[in-house]
Amino acid sequence: MRTSSREALLARTFVDLVDTLVDDFDVVELLTLVADRCVEVLDVSAAGLMLVAPEGDLRVVAFSSEAVRVVELFELQAEEGPCLDAYRTGSAIVNQNLTKVQDRWPSFTPVALDAGFKSVHALPMRLRGVIIGALNLFRVEEGDMEELDVVAAQALADVATIAILHHRAASEAQNVNEQLTLALNSRIVIEQAKGVLSDRVGLDMDHAFARLRKYARDHNLRLFDVAHGVVNGTLKVEAVIPASPPGS
């Protein structure tokens, strides 16, 4: 991507992120936008984000592909990996060649390599000492990420962090926990809806998620509401999936 084009897309990304900051903004949609734009703007192949739940453990909330979701879920299960390190230390974990860090993450590394990733980077979602999650970036090539890309990635993570913490500040502590719980529960319902679309129409999980997002945007609905409708049957699968769905 030409530098001017990338800068324009990055600028538009920040505008899009600001546009999501309405009273009842959708955390999952916000973080999915961050993950998608990281892949579009930066020299990375995939991205995922984790948030800390009210109970104190990290949860996978957004990702750019199904492969990332699987790797990050394993990372949480194994309790080791770059995203966890970035969250625990509050420091960036960058330019980690997965063929050379087996000793650091003996369980996580082979899973990431099997998924086709060769290098990984993780950045904390942090503001003034408060850490609420982490951003994971994966590349299918070895080699370091450019410093400007690292700065841009941290800026995207920071904007998302500010958005979430600002929304927290506007609510009472009970409402904060309810909102985070809703975001995490939304992810569960969205995964269920993806499964329904995959089973009924034969889409892979990435395309199923793309169709849910498109329907939500086209009809000015929250992603959770669309997913919930698909799961409970009040929204017909045929309404979400066009006659010739992607990947068919």
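Residues numbered from 1 in each chain as written. Predicted model: local features only at pLDDT ≥ 70, side-chain atom pairs only at ≥ 80, totals over all residues. Heavy atoms only, no water.

A. Representation of the confidence of the model for the protein chain. Scored by pLDDT, the protein chain comes out at a mean of 86, with 87% of its residues at no less than 70. Ranking the elements of the protein chain by mean pLDDT puts helix H1 (residues 3–19) last with 70 and helix H5 (residues 108–114) first with 96. (pLDDT = per-residue confidence, 0-100. Helix = DSSP H or I, 4+ residues; strand = E, 2+ residues; numbered from the N terminus.)

B. How the structure looks around the packing of helix H8 (residues 205–218) against helix H9 (residues 223–232). H9 packs onto H8 with a crossing angle of 115° between their chain directions and a minimal axis gap of 9 Å. Crossing hand, H8 versus H9: right-handed. Here Phe209, Leu212, Arg213, Tyr215 and Ala216 of H8 lie close against H9, whose contacting residues are Leu223, Val226, Ala227 and Val230. Among the residues making up the contact of H8 with H9, the classes are represented as 8 nonpolar, no polar and 1 charged. (Axes fitted to C-alpha atoms, helices over the stretch in contact; angles between N-to-C directions. Left-handed = near helix turned anticlockwise from the far one by under 90°. Contact = heavy atoms within 4.5 Å. Nonpolar A, V, L, I, M, F, W, Y, C, P; charged D, E, K, R; others polar.)

C. Geometry of the packing of helix H3 (residues 66–78) against helix H4 (residues 82–89). For the pair H3 and H4, interaxial distance at closest approach is 9 Å and the crossing angle is 60°. Our classification of the angle between H3 and H4 gives oblique. Along the contact surface, H3 presents Glu72, Glu75 and Leu76, while H4 presents Pro82, Cys83 and Leu84. Residues of the contact of H3 with H4, tallied by class, amount to 4 nonpolar, no polar and 2 charged. (Parallel < 35°, antiparallel > 145°, perpendicular 65-115°, else oblique.)

D. Structural context of the sheet that holds strand E4 (residues 119–127). Across the sheet, which stays open at both edges, the 5 strands sit in the order E2-E1-E5-E4-E3 with antiparallel pairing between neighbours. Each having just a single partner strand, strand E2 (58–63) and strand E3 (93–97) make up the two edges of the open sheet. With strand direction ignored, the average angle separating the axes of adjacent strands in the sheet is 20°. Bridge count between strand E1 (residues 46–52) and strand E5 (residues 130–139): 6 bridges; the pairing is antiparallel. Residue pairing for E5: Met50 is matched across the bridge by Ala134. Set on the sheet, H3 makes contact with E1, E2 and E5; between it and E2 the angle comes to about 170°. Here H4 sits on the sheet and contacts E1, E2, E3, E4 and E5; the angle it forms with E5, its principal contact strand, is near 150°. (Pairing = 2+ DSSP bridges.)

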